[in-house]
Amino acid sequence: MARIASDALIERLADWGVDTVFGLPGDGINGIMEGLRRHQDKVRFVLVHHEEAAAFMATAHAKATGKIGVCLATSGPGGIHLLNGLYDAKLDHMPVLAITGMQETSILGTGYQQEVALDKLYEDVTEYDQMIYNPVQLPAVVDIAIRTAYARRGVAHITVPNDIQVADADADPWQHVAPAAAPKTSAVYLSPPGRPREEDLQRLADFLNEGEKIAILAGAGALHAREELLALAETLAAPIVKTLPGKAAVPDDSPYTTGGIGLLGTKPSEELMEEIDTLFMVGTNFPYTKHLPAEARVAQIETDPARAGARVATEVPVVGDAREGLRGLLPLLKRRSDTSFLDKYAKQMDSWRENMAALENASRDPIAPQYLMSVVNAAAADDAILTCDSGTIATWAARHWTIRGDRQFYLSGNLATMAPGLPYAVGIQHAFPGRQVIAFVGDGGFAMLMAEFVTAIQHKLSVKVVVNNNNALGQILWEQMILGYPEHGVRYPGSNVDYAAIATANGAYGVKVRQPNDLPGAIQQALSFDGPALVDVDVNPDEPPMPGKVEYEQAKKFAEAFLKGQPHRSTIATTLFRDKIQQLRS
């Protein structure tokens, strides 16, 4: 067979170590699909049901492996569908390559069917964005695209017109009038040195040695620095607060952590931020500055110079990798013998954990979502990977999914989009076929991309899906009330949908759970099932995801919503009352 340009494209992906491409075929990428067919021994194509899911899968693959994720879509509408998942990668700084088709070059600009200028459309979402006009641009453009995605921690995009896809791979059809030739590049990326400058480390050490009440804020950029973070906390006698994407940075039962921060965080973390005089941000660009201290002195270690000191006034911004930076910093710090500040918040966390455990009540009917998450947490393996949708379920996962052993946790951090939980799980299960991967999703998000559970069935992936089914868009419901408005347009009419039927109808394990007594057995059977499984659980729709520390203004607005005619105020009030009683009993 004659070697076509698409061969050069796929071969170069393989040279970079890419072994999986998530996507959906179409007439705009038939040439690329032929390239994938010819090289299926090196690069597998994972057929999905929606291009948005393909981009989510590529993003999750990048998050879980650290390697570039790749997704593929046809021209026009297919490429448009990729965007939401690509913005997830952009905002969470994940290296992803999107490949799209384009109408053949002879008809570009004529308004041909499905002609969309995807290179222009992708300008905002990408760090590198290029159309192929000549076969000899490949493989150099692939090299530059992937290298840029790694270097700038973002999205790269290559769009290839139909006729170029099937052209001779070595074709160079036009006269060269510039003093240049197609570059000969290599499939190599060299990471920049991660250790900060010695003078910066010394300045950071001096700063931290001066602090008295210090807190460490660890984010996703510190997920690989667990040992160093714990050593830092021990040396400084400083509690570790975790952003939600950084939840797996240190174990949740560690005496050095006060858990999460923000609306989904803990009361001890909120109070800690009010008391500290020094904050050290490690591997995070935490955007919710309202939850950061107003008066404390701040230092930060961040890989991107543009993000160092971007959120709050930062006296000591340091550029470098979290793990390498902490390794260089630790020998320069003075070990503290006074652990009273750390001990104070360790005791507060003991009380917080007791309060959270009190809400994991098996006798509640309807089923408490906290209990659902606790059952999953207890039954899951110590190296399980949990993926999560955005919404109230992120609150339950943040507070009732315990990081222990080699567990991991992934969600859409900064975009906070609906529906990534299921495709995340599919993408990660492909990367780690031997690991237990659980998608904890809401009924709203699951309904958006539920066809990807069929993808899991068809690809024989042992993904486990737990649907927190409250028949409502729960997060929006509570956000309306916290603004002082009675809820409107957030509950679906009629009874809860039976999503488990999708599983059973297609040969997978599926069960609908309506009674709390049935829940532990259903979860255990799903996790032990050899194949994809789905547990659809009807939970209390009136369980509010309360902030760790309720502020006066929040309580006032909540009360205003009641006074203005909140339609479910009696059941909400009853739930709140029962929550408080259980916590007092604990």
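This text goes with the structure placed above it.
Residues numbered from 1 in each chain as written. Predicted model: local features only at pLDDT ≥ 70, side-chain atom pairs only at ≥ 80, totals over all residues. Heavy atoms only, no water.

**Focus: the packing of aromatic side chains**
Inference 1: Under the criterion given, the structure shown has 7 aromatic pairs.
Inference 2: Relative to Tyr288, the ring of Phe286 has its centre 5.5 Å away and its plane inclined at 70 degrees; by these criteria the two rings are edge-to-face.
Inference 3: Among the residues examined, Phe286 registers a relative accessible area of 6% and is labelled buried.
Inference 4: Given the relative accessible area of 48%, Tyr288 is considered partly exposed.
Inference 5: Ring centres of Tyr509 and Phe529 lie 5.8 Å apart, and the angle between their planes is 35 degrees; on these two criteria the pair is classed as tilted. With Tyr509 in strand β17 (residues 509-513) and Phe529 in the loop between α21 (519-528) and β18 (533-538), this residue pair connects regions lying 20 residues apart in the sequence.
Inference 6: Taking relative accessible area as the criterion, Phe529 reaches 30% and is therefore assigned partly exposed. (Phe/Tyr/Trp six-rings, centres within 6.5 Å; stacked < 30°, edge-to-face > 60°. Buried < 20%, exposed > 50% of the residue type's maximum accessible area, 1.4 Å probe, protein only. Helix = DSSP H or I, 4+ residues; strand = E, 2+ residues; numbered from the N terminus.)

**As for the pairing of β17**
Inference 1: Taken across its 5 residues, β17 has 4 buried, putting it largely inside the fold.
Inference 2: Pairing geometry for β17 and β18, over 5 bridges, is parallel. Of the residues in β18, the one forming a bridge with Gly510 is Leu534.
Inference 3: In this fold, the crossover linking β17 to β18 by way of α21 has right-handed handedness. (Pairing = 2+ DSSP bridges. Right-handed = clockwise from strand over helix to strand, strands pointing away.)

**Thoughts on the side chain of Thr159**
Inference 1: On the secondary structure map, Thr159 appears in strand β6 (residues 155-161).
Inference 2: Using a relative accessible area of 0% as the deciding quantity, one classes Thr159 as buried.
Inference 3: Within polar-contact distance, the side chain of Thr159 engages the side chain of Thr100 at 2.9 Å.
Inference 4: A polar contact of 3.2 Å, which involves the side chain of Thr159, links it to the backbone oxygen of Gly101.
Inference 5: The contact partners of Thr159, leaving out residues within four places of it in the chain, are Thr100, Gly101, Met102, Asp119, Gln130, Met131 and Ile132. (Polar contact = N/O pair within 3.5 Å; in protein donor to acceptor, adjacent residues only side chain to side chain. Contact = heavy atoms within 4.5 Å.)

**Some points on the pairing of strand β16 (residues 464-469)**
Inference 1: β16 sits mainly inside the fold: 6 of its 6 residues count as buried.
Inference 2: In this structure, strand β15 (residues 437-442) lies alongside β16, joined through 5 bridges in parallel fashion. The partner of Ala439 across the bridge, within β16, is Val465.
Inference 3: Taken together, the 6 bridges between β16 and β18 define a ladder with parallel strand orientation. Following the sheet pairing, Lys464 is matched in β18 by Ala533.

**What to know about the sheet that holds strand β8 (residues 240-242)**
Inference 1: Read across the sheet, 6 strands follow the order β9-β8-β7-β10-β11-β12 without closing on themselves; strand pairing throughout is parallel. The sheet is open, and its two edges are formed by β9 (257-260) and β12 (316-319), each paired on a single side. Neighbour to neighbour, the strand axes of the sheet diverge by 15 degrees on average, direction disregarded.
Inference 2: Strand direction decides the pairing type here: strand β10 (residues 278-282) and strand β11 (residues 297-302), joined by 5 bridges, are parallel. Note on β11: the bridge partner recorded for Met281 is Gln300.
Inference 3: Against the sheet, helix α11 (residues 267-275) contacts β7 (214-218), β8, β9 and β10, and its axis sits at roughly 110 degrees relative to β9. (Axes fitted to C-alpha atoms, helices over the stretch in contact; angles between N-to-C directions.)

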